[in-house]
Amino acid sequence: MCLACVAMTAWSQNLMLSQEESEDEIAVVGYFCKNDTMTYRQTHNKYKIQGNDTTVSESYVEEFMIVVTDSTSDGYKMKYIPLSFTLHDADTVTSLIANASSQLMQSAVCEFTTDEFGQLKSITNWREIRDQLKKGVKVTCDTLYTTIPDLDSIMPRKSLENILLLQFSTEEGVRDSYEELDDLFGLHGS
């Protein structure tokens, strides 16, 4: 995938303003070809600071691939394909949820479209992903409530399941679960 930064100068069309006044802008535009493929590795670290010591308390690495499947008159069709997820030094509830969620997402291929500038427009198979995540919410809760039996006294299982299901009930909710796409395409068209 290529990124091109095109410098553009916009001159005022208003005759009352001097022609010397101009505004400089940078437009971020993504140019892609069919079958362009790029593999990415994203690392997330959580740091613990005690006095003068800083250590990594949790870390995970995810690898994924973006494949351009087609170009259209007004943008591109692409796929996000998860490749791997590795969790290090994890022993907290958050880490258990992250690990269980990532296992659910490993089999979910996300198909999405962009506009002509490469900015993310929509996830075309979000309902399919939502349905897969609904099945996985039960597995995630099974893991949590088996690992931490007292969790039910703090957060009833049914309540947690409903919160998780609500999070993935819309295209926007499914899209929010793919922060990698926003990281890669969020500046395009700006």
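Only a predicted model underlies this, so the values are computations on that prediction, with no experimental measurement involved.

Conventions we followed
Residues numbered from 1 in each chain as written. Predicted model: local features only at pLDDT ≥ 70, side-chain atom pairs only at ≥ 80, totals over all residues. Heavy atoms only, no water. Core = buried A, V, L, I, M, F, W, Y, C linked by side-chain atoms within 4.5 Å. Buried < 20%, exposed > 50% of the residue type's maximum accessible area, 1.4 Å probe, protein only. Helix = DSSP H or I, 4+ residues; strand = E, 2+ residues; numbered from the N terminus. Contact = heavy atoms within 4.5 Å. Pairing = 2+ DSSP bridges. Axes fitted to C-alpha atoms, helices over the stretch in contact; angles between N-to-C directions. Phe/Tyr/Trp six-rings, centres within 6.5 Å; stacked < 30°, edge-to-face > 60°. Salt bridge = Lys/Arg side-chain N within 4 Å of Asp/Glu carboxyl O. Parallel < 35°, antiparallel > 145°, perpendicular 65-115°, else oblique. Left-handed = near helix turned anticlockwise from the far one by under 90°. Nonpolar A, V, L, I, M, F, W, Y, C, P; charged D, E, K, R; others polar.

What follows covers the nonpolar core. With 22 residues, the main nonpolar core has Phe112, Tyr178 and Leu181 as its most contacted residues. Of all the secondary-structure elements, those providing two or more residues to this core are strand 4 (53-72), strand 5 (75-88), helix 1 (93-105), strand 6 (110-115), strand 7 (120-123), helix 2 (126-147) and helix 6 (179-185). Sequence-distant contacts of Tyr178, that is, excluding residues within four places in its chain, are made with Tyr80, Met105, Ala108, Cys110, Ile123 and Ile129. Within the second largest apolar cluster, seven residues are counted, among which are Val137, Cys141, Leu144 and Tyr145.

Here the focus is the side chain of Thr114. Among the structural elements, Thr114 can be located in strand 6. Among residues more than four places away in sequence, those in contact with Thr114 are Asp74, Gly75, Tyr76, Met78, Gln119, Leu120, Lys121 and Phe185.

Once that is clear, we can look at the sheet that holds strand 4. Taken in spatial order, the five strands line up as 3-4-5-6-7 in an open sheet, and their pairing is antiparallel. Each end of this open sheet is capped by a strand with a single partner; those strands are strand 3 (37-50) and strand 7. Between one strand and the next, the sheet's axes are offset by a mean angle of 30°, whatever the strand orientation.

This brings us to the packing of aromatic side chains. Under the definition given, this model contains seven aromatic pairs. Between Tyr60 and Phe85, the aromatic rings sit 5.0 Å apart at their centres with planes inclined by 40°, giving tilted as the arrangement. Highlighted residues: Tyr60 in strand 4 and Phe85 in strand 5, separated in sequence by 25 residues. According to the relative accessible area criterion, Tyr60 is partly exposed, its value standing at 23%. The exposure class of Phe85 is buried, given its relative accessible area of 15%.

Moving on: the pattern of salt bridges. Under the definition given, this model contains six salt bridges. Two residues, Arg41 and Glu63, come together in a salt bridge whose shortest N-O distance is 2.3 Å. Highlighted residues: Arg41 in strand 3 and Glu63 in strand 4, separated in sequence by 22 residues. Among the ionic pairs, Asp131 bridges to Arg130, the shortest N-O distance being 3.1 Å. Look at Arg130 and you get buried, because its relative accessible area is 19%. Beyond isolated ion pairs, a larger network of salt bridges with shared partners links Lys138, Asp142, Arg157 and Glu161.

Another aspect to go through is the packing of helix 2 against helix 4 (residues 157-167). Two quantities define a packed helix pair, namely the angle between the axes and the distance from one axis to the other. Close contact between helix 2 and helix 4 brings their axes to 10 Å; oriented N to C, the two are set at 140°. As the angle between them shows, helix 2 and helix 4 are arranged oblique. Crossing of helix 2 against helix 4: the hand is right-handed. Between helix 2 and helix 4, the contacting residues are Lys134, Val137, Lys138, Cys141, Asp142, Leu144 and Tyr145 on the first element and Arg157, Leu160, Glu161, Leu164 and Leu165 on the second. Partitioning the contact of helix 2 with helix 4 into residue classes produces seven nonpolar, no polar and five charged.

As far as function goes, none of this settles anything; it's purely spatial.
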